[in-house]
Amino acid sequence: MRRARPASSLLATLATLLTLAPAALASTPSLGAVRPMGGQRGTEVEVVFSGARLGDAQEVLFYQPGIEASEIAKVDDNSFKARLKIAADSPLGFHDLRVRTATGVSELRGFSVGAMPEVQEAEPNNDFDAPQAIAMNSVVNGVAENEDIDYFVVEAKKGERITAEVEGWRLGITLFDPHVAILDTKRFELASSDDAALLWQDAFASILAPEDGKYVIAVRESAYAGNGSCLYRLHVGDFPRATGVFPPGGRPGQSIAVRWIGDPAGEATSDVVLPADARSGWGLQRQDERGLSPYPNAFRLADLENVVEAEPNDDQNAATPFTAPAALNGVLAKNGDVDHFVFTGRKGQVFDFKVYGRQLRSPIDSVLYLSKKGGGAIASSDDAAGPDSAFRQALPEDGEYVVWIADQLKKGGEDYVYRIEVTAPEPKLAISTPAEQMMLGTPIMAVAVPKGNRQAILLQGSRADFGGEVQFDVAGLPPGVEVEIPPLAASQALVPILFTAKPDAAPAGALATVTGKSVDPNVAVKSEFGALSSFVLLPSNAGVILWSRTVDRLAVAATEEAPFSIEVVQPKVPLVRSGQMGLKVKATRKPDFKAAIAVSLPWNPPGVGSGGGVAIPEGQDEAVIPVNADGNAELRTWKIVVNGTAAGPTGPITVSSQLADLTVAAPYLGLGFQAASVEQGQETDMAVTVAKNVDFPGEATVTLIGLPNKATTDAKTITKDTTDLIFRIKTDAASPVGKHAALFCQVVVTQDGEPITHNIGSGTLQIDAPLPPKADAPAPAPAAAEAPKPAEAPAKPLSRLEKLRLEAKQKQQQAAAEAPAP
């Protein structure tokens with residue numbers, strides 16, 4: 001296990017209990033709105049952050065550079081205002097953020113940075129003949145209400161570019177599908193857009209003004225079904241807006257010439273120097289003498305040689321040559337276009353072929369093929385990563401191979417840009433937290449550790465092309481915060497990690513980096529961390545994420561103290577397969593804190609289950625969580641953690657226990673059951689053989705569980721030397737007839753003063769109704785008194801087969817006795 005310095009999340013179901021507690025105690029904040037939603041770079045903007053439990057806000061944590069928050073001031077218990085200073089060179093587009101309060105960290109939200117002056121929509125502006133006048137090169141902050149069309153008017157000279165781009169979907173507020181149109185004053189539509197591949201579900205339109213005059217921009221919800229939550233930012237001006245960039249990727253640190261495609265003013269080229277590190281989600285910003293695009297164009301960074309298609313390459317004989325590994329860049333420039341690339345491969349070589357098209361916001365819906373030159377396809381893919389294609393293929397023989405790509409609907413165009421990365425498989429590790437989906441009730445995926453206390457979070461590790469244990473690391477923690485990180489077991493993809501804040505830790509926050517590596521020093525692994533937050537879900541199916549953001553670091557904070565802490569009482573004995581135990585959790589409370597504390601395990605080892613709905617009752621100090629293991633639970637000592645959640649003065653408070661050891665072991669013994677049968681109201685014996693697996697001290701109690709109604713037996717005791725035991729089962733006339741096959745023995749071994757509870761075996765008891773008496777049969781004569789016989793040793797129990805044979809023989813004899821004489 002590794003201990004590192006300062007990282008994880010508010011794990012646990014939020015309790016809905018009420019209590020009175022001291023005022024400055026840790027409580028989870030919630031950030032619902034940031035208004036305004038954006039601002040112009042190079043300016044300062046006063047912004048109001050609202051939600052719940054935000055009155056003690058201390059810091060706004062931004063994931064992207066370029067914005068600083070100052071003058072944070074409480075508005076009320078649920079909101080605060082701050083002055084955001086936006087740097088003149090701040091990246092344009094969406095900036096992810098979280099709020100750190102004195103008592104917690106909020107969920108992920110965002111703020112959009114634009115390049116032009118900001119104005120507010122002024123109602124009424126829903127009359128085409130009375131549009132709101134705005135200056136060219138401005139950003140309008142508005143809202144699309146139900147059955148609402150917002151009209152804005154600008155003036156332009158003939159040949160001047162007019163671009164209108166709407167941020168709505170990308171703001172992540174609600175299910176808002178915007179539509180934008182550019183019209184002349186005669187209501188003639190010059191350009192319109194609903195969904196643009198470049199902007200996901202957002203819209204943009206761009207034209208060259210056909211004459212001097214006024215032009216109207218119309219914004220609405222695409223189905224006229226807006227509401228007060230459908231906020232938008234409308235960027236209007238003569239700035240450039242390319243629908244594609246070519247090539248769409250390059251090598252980090254490389255100087256590269258790119259071509260901007262799809263602008264109504266025509267294509268343009270520029271030279272750019274790519275960043276030295278391969279960042280996911282990076283983009284190129286289009287700029288000319290008129291201004292900048294509101295958002296960058298997606299651009300892929302990868303350490304691969306760039307190969308650009310050489311037209312014509314419409315068939316195998318004209319294929320563009322390359323040497324694998326490489327990145328193949330091209331454009332399906334017209335309908336029906338097919339592009340081919342050729343390379344020489346050796347038998348047994350394995351390559352991954354991955355298309356980056358829609359992932360780079362190209363309209364292409366790719367279909368990718370691999371064939372031996374002159375032959376048919378040996379591998380193909382349509383949709384693997386959304387509409388993009390991907391497959392892995394081992395080359396069957398030496399020779400030339402052709403990679404070819406087409407659009408699934410045989411479409412093409414100047415912006416049908418694609419990039420095919422051909423790479424050899426290499427070990428990779430994708431690290432993440434569980435998804436943050438607040439609308440589904442998940443915890444906030446950030447770490448808020450009360451000083452002098454602990455908080456756990458789960459880390460996920462998805463391995464590719466390697467196996468075995470993984471060790472995570474978290475760096476860049478706030479002062480006074482440390483993290484304890486168990487290894488991720490070879491069989492697992494989840495592990496709890498634990499953050500601890502020192503008693504004197506000052507409230508502070510940081511965005512920590514998370515990395516991982518194989519514990520095998522001979523395996524070099526590339527790791528990447530990404531924490532996903534869902535902003536908009538499909539109303540008809542909440543499992544479908546419509547809009548989300550992924551950030552590359554983990555928010556960690558030290559907060560004010562909590563009114564309680566919890567501790568797992570370390571079990572002294574193992575949890576055996578098919579067994580159970582009670583995991584005791586103790587609370588230490590501040591003197592005036594009495595509230596109930598809900599306790600639960602956020603993660604169970606494989607094959608282990610734990611009970612929910614457990615709470616330390618109000619005013620009490622301990623509770624027991626039932627834990628069980630199935631028959632295939634993985635044998636190992638695991639690190640487990642318990643979360644405790646209680647209601648504080650303003651909201652929920654969550655802390656965690658220490659990382660405790662839970663050992664899953666094989667059963668100490670095995671049992672073999674002999675089937676038993678009996679008539680209602682009678683008694684029978686069930687014989688059980690005992691096979692010891694492990695020596696155990698003293699006596700163990702054995703209880704037969706699962707007997708039917710009104711059937712009873714006594715518990716037995718055994719030692720490590722016992723080889724068999726017999727349960728005397730008594731039935732009642734009302735005991736149910738039939739085969740009762742759910743019997744098992746609960747064996748409790750006591751070791752070091754604690755029970756080791758086994759649930760073993762599967763026994764069967766057959767209960768039959770008694771045979772009816774013979775009609776008119778004389779009552780049997782009373783038996784003569786006999787002298788008592790010396791006690792005999794109990795007969796060996798009959799097996800089920802022996803009993804059936806005996807019963808059959810007795811019935812046969814009875815039938816012969818009742819038969820009439822000849």
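Note on numbering: residues in each chain are counted from 1, in written sequence order. At least 70 in pLDDT is required for a residue's local features to be given in this predicted model, at least 80 for side-chain atom pairs to be given and counted, and no such filter applies to totals for whole chains, interfaces and linings, which use all residues. Water and hydrogen atoms were dropped before computing side-chain values, which therefore reflect all heavy atoms in the structure.

Describing the overall build of the chain
Phase 1 of the analysis: To qualify as a helix, a DSSP run of H or I must reach at least 4 residues; to qualify as a strand, a run of E must reach at least 2; elements of each kind are numbered from the N terminus. Counting its regular elements, the chain contains one helix and 69 strands.
Phase 2 of the analysis: For the radius of gyration, the atom set is restricted to C-alpha positions; the globular benchmark scales as 2.2 Å times the number of residues to the power 0.38. Over its C-alpha trace the chain gives a radius of gyration of 36 Å, far above what one expects of a compact globule, namely 28 Å for 822 residues.
Phase 3 of the analysis: In terms of principal-axis extent, the alpha carbons of the chain reach across some 130 × 75 × 60 Å.
Phase 4 of the analysis: Counting the 822 residues in the chain, one finds 50% classified as buried. Any residue under 20% of the maximum accessible area for its type is buried, any over 50% is exposed, and the rest in between are partly exposed; the area is computed with a 1.4 Å probe on protein chains only.

Focus on the sheet that holds strand β36 (residues 377-381)
Within a sheet, each strand pairs with its neighbour through backbone hydrogen bonds, oriented either parallel or antiparallel.
Phase 1 of the analysis: For two strands to count as paired, DSSP must find a minimum of two bridges between them. In space, the five strands of this open sheet follow the order β31-β33-β38-β35-β36, with mixed pairing throughout. The open sheet is flanked by β31 (320-321) and β36, the only strands paired with a single partner.
Phase 2 of the analysis: Pairing geometry for β31 and strand β33 (residues 338-345), over two bridges, is parallel. In the sheet register, Pro321 faces β33, and the bridge partner there is Val342.

Concerning unusual backbone geometry
Phase 1 of the analysis: Here the residue pair Arg35 and Pro36 is connected by a cis peptide bond, since its omega of 0 degrees sits within 30 degrees of zero.
Phase 2 of the analysis: Note on placement: Pro36 falls in the loop between β2 (30-35) and β3 (38-40).
Phase 3 of the analysis: The amide bond that connects Ala324 to the next residue, Pro325, takes the cis arrangement and shows omega of 0 degrees.
Phase 4 of the analysis: For Pro325, the position within the fold is in the loop between β31 and β32 (326-331).
Phase 5 of the analysis: Even without being a glycine, Glu147 presents a positive backbone phi close to 55 degrees.
Phase 6 of the analysis: Its place among the elements puts Glu147 in the loop between β13 (138-143) and β14 (149-156).
Phase 7 of the analysis: Owing to a relative accessible area of 64%, Glu147 belongs among the exposed residues under this scheme.
Phase 8 of the analysis: The phi torsion at Lys710 lies on the positive side, around 65 degrees, for a residue other than glycine.
Phase 9 of the analysis: Relative to the assigned elements, Lys710 resides in the loop between β65 (700-705) and β66 (716-718).

Examining the sheet that holds strand β60 (residues 652-656)
Phase 1 of the analysis: The four strands lie next to each other as β56-β54-β59-β60, forming an open sheet whose pairing is antiparallel. Of all strands in the sheet, those bounded by a partner on one side alone are β56 (614-616) and β60. Within this sheet the neighbouring strands show an average axis-to-axis angle of 30 degrees, counted without direction.
Phase 2 of the analysis: Note that strand β54 (residues 597-600) and β56 share three bridges and pair antiparallel. Its bridge partner lying in β56, Ile597 is registered against Ile616. The axes used here are C-alpha line fits, helices contributing only the stretch in contact, and every angle between their N-to-C directions lies in the interval 0 to 180 degrees.

Focus on the environment of Leu395
Phase 1 of the analysis: The topology assignment puts Leu395 in the loop between β37 (390-394) and β38 (399-407).
Phase 2 of the analysis: Looking at Leu395, the relative accessible area reads 3%, which means it is buried.
Phase 3 of the analysis: Taking the C-alpha atoms as reference points, Leu395 and Gly345, separated by 50 residues in sequence, lie 7.0 Å from one another.
Phase 4 of the analysis: The criterion used for residue contact is that any of the two residues' heavy atoms lie within 4.5 Å. With residues near it in sequence (within four places) discarded, Leu395 still touches Phe343, Gly345, Arg346, Lys347, Gly348, Gln349, Phe351, Leu370 and Tyr401.

Considerations on the pairing of strand β40 (residues 428-432)
Phase 1 of the analysis: Here β40 runs beside strand β42 (residues 454-464); their pairing, made up of five bridges, is antiparallel. In the sheet register, Ser432 faces β42, and the bridge partner there is Gln460.
Phase 2 of the analysis: Across four bridges, the pairing between β40 and strand β47 (residues 526-529) is parallel. The residue bridging Ala430 from the neighbouring strand is Glu528, located in β47.

Side note on the packing of aromatic side chains
Phase 1 of the analysis: Think of it this way: a Phe, Tyr or Trp ring, Trp meaning its six-membered ring, pairs with another when their centres are within 6.5 Å, and the plane angle makes it stacked under 30 degrees, edge-to-face over 60, tilted otherwise. This structure, assessed with the given rule, holds 14 aromatic pairs.
Phase 2 of the analysis: With 4.7 Å between their ring centres and 0 degrees between their planes, Phe49 and Phe80 make a pair best called stacked. A residue pair is termed long-range when its members are at least 10 positions apart, and Phe49 in strand β4 (residues 44-52) and Phe80 in strand β7 (residues 79-86) qualify at 31 residues. Across the pair, exposure class does not vary: Phe49 and Phe80 are buried alike.
Phase 3 of the analysis: Ring plane angle 45 degrees and centroid distance 6.4 Å describe the contact between Phe343 and Phe353, whose orientation is recorded as tilted. Note that Phe343 is positioned in strand β33 and Phe353 in strand β34 (residues 350-356), a separation of ten residues in sequence.
Phase 4 of the analysis: Feature note: the residues Phe322, Phe343, Phe351, Phe353, Phe391 and Tyr401 constitute an aromatic cluster, connected by ring pairs.
Phase 5 of the analysis: In this scheme, Lys NZ or Arg CZ marks a charge over a ring once it lies within 6 Å of the ring centre and within 35 degrees of the ring normal. Of note, Arg170 hangs over the ring of Tyr295, and the distance from its end group to the ring centre comes to 4.2 Å.
Phase 6 of the analysis: The cationic tip of Arg636 hangs over the ring face of Trp638; the distance from NZ or CZ to the ring centre is 5.1 Å.

What about the confidence of the model for the chain?
Phase 1 of the analysis: For the chain, mean pLDDT is 91; residues scoring 70 or higher make up 91% of the total.
Phase 2 of the analysis: As a per-residue measure, pLDDT tells how confident the predictor is, with possible values from 0 to 100. Here residues 1-25 scores under 50 on pLDDT; set against residues more than four positions off or in separate chains, the count is 104 contacts.

Some points on the pattern of salt bridges
Phase 1 of the analysis: Within this document, salt bridges are pairs made up of a side-chain nitrogen of Lys or Arg and a carboxyl oxygen of Asp or Glu, the two lying within 4 Å of each other. Considering all chains together, one arrives at 37 salt bridges under this definition.
Phase 2 of the analysis: For the salt bridge of Glu44 with Arg83, the shortest nitrogen-to-oxygen distance reads 3.9 Å. Here Glu44 is found in strand β4, whereas its partner Arg83 is found in strand β7, with 39 residues between them in sequence.
Phase 3 of the analysis: Between Glu59 and Arg100 there is a salt bridge, and its shortest N-O distance comes to 2.8 Å. Of this pair, Glu59 sits in strand β5 (residues 57-62) while Arg100 sits in strand β8 (residues 93-101), and the two are 41 residues apart along the sequence.
Phase 4 of the analysis: For Arg100, a relative accessible area of 6% corresponds to the buried category.

As for the nonpolar core
Phase 1 of the analysis: Grouping buried Ala, Val, Leu, Ile, Met, Phe, Trp, Tyr and Cys residues that are joined through side-chain atoms within 4.5 Å yields what is termed a nonpolar core. Phe472, Val474, Ile497 and Phe499 are the most contacted members of the largest nonpolar core, which totals 50 residues.
Phase 2 of the analysis: Sorting elements by how many residues they give to this core places strand β50 (residues 554-559) first, with five residues.
Phase 3 of the analysis: Listed in part, the 34 residues of the second largest apolar core include Val585, Ala587, Val608 and Ile653.

Considering the side chain of Ser533
Phase 1 of the analysis: Along the chain, Ser533 falls in strand β48 (residues 531-538).
Phase 2 of the analysis: Discounting residues that sit within four places of it in the chain, Ser533 has contacts with Arg98, Leu108, Glu436, Ser548 and Arg549.

What to know about the side chain of Asp288
Phase 1 of the analysis: Here Asp288 is to be found in strand β26 (residues 287-288).
Phase 2 of the analysis: A polar contact of 2.8 Å, which involves the side chain of Asp288, links it to the backbone nitrogen of Arg290.
Phase 3 of the analysis: Apart from residues lying up to four places away in sequence, Asp288 is in contact with Arg161 and Pro240. A 3.5 Å cut-off defines polar contacts: any pair of N or O atoms within that distance qualifies, except that in protein one atom must be a possible hydrogen donor and the other a possible acceptor, and neighbouring residues in sequence count only when both atoms are side-chain atoms.

Comments concerning the environment of Ser548
Phase 1 of the analysis: Structurally, the position occupied by Ser548 is in strand β49 (residues 541-551).
Phase 2 of the analysis: In this structure, the C-alpha to C-alpha distance between Ser548 and Met116, residues 432 residues apart in sequence, is 26 Å.
Phase 3 of the analysis: Apart from the residues lying within four places of it in its own chain, the contact partners of Ser548 are Leu532, Ser533, Ser534 and Phe535.

Observations concerning the environment of Ala430
Phase 1 of the analysis: For Ala430, the position within the fold is in strand β40.
Phase 2 of the analysis: According to the relative accessible area criterion, Ala430 is partly exposed, its value standing at 41%.
Phase 3 of the analysis: With near-sequence residues (within four places) excluded, Ala430 lies in contact with Gln460, Gly461, Ser462 and Glu528.

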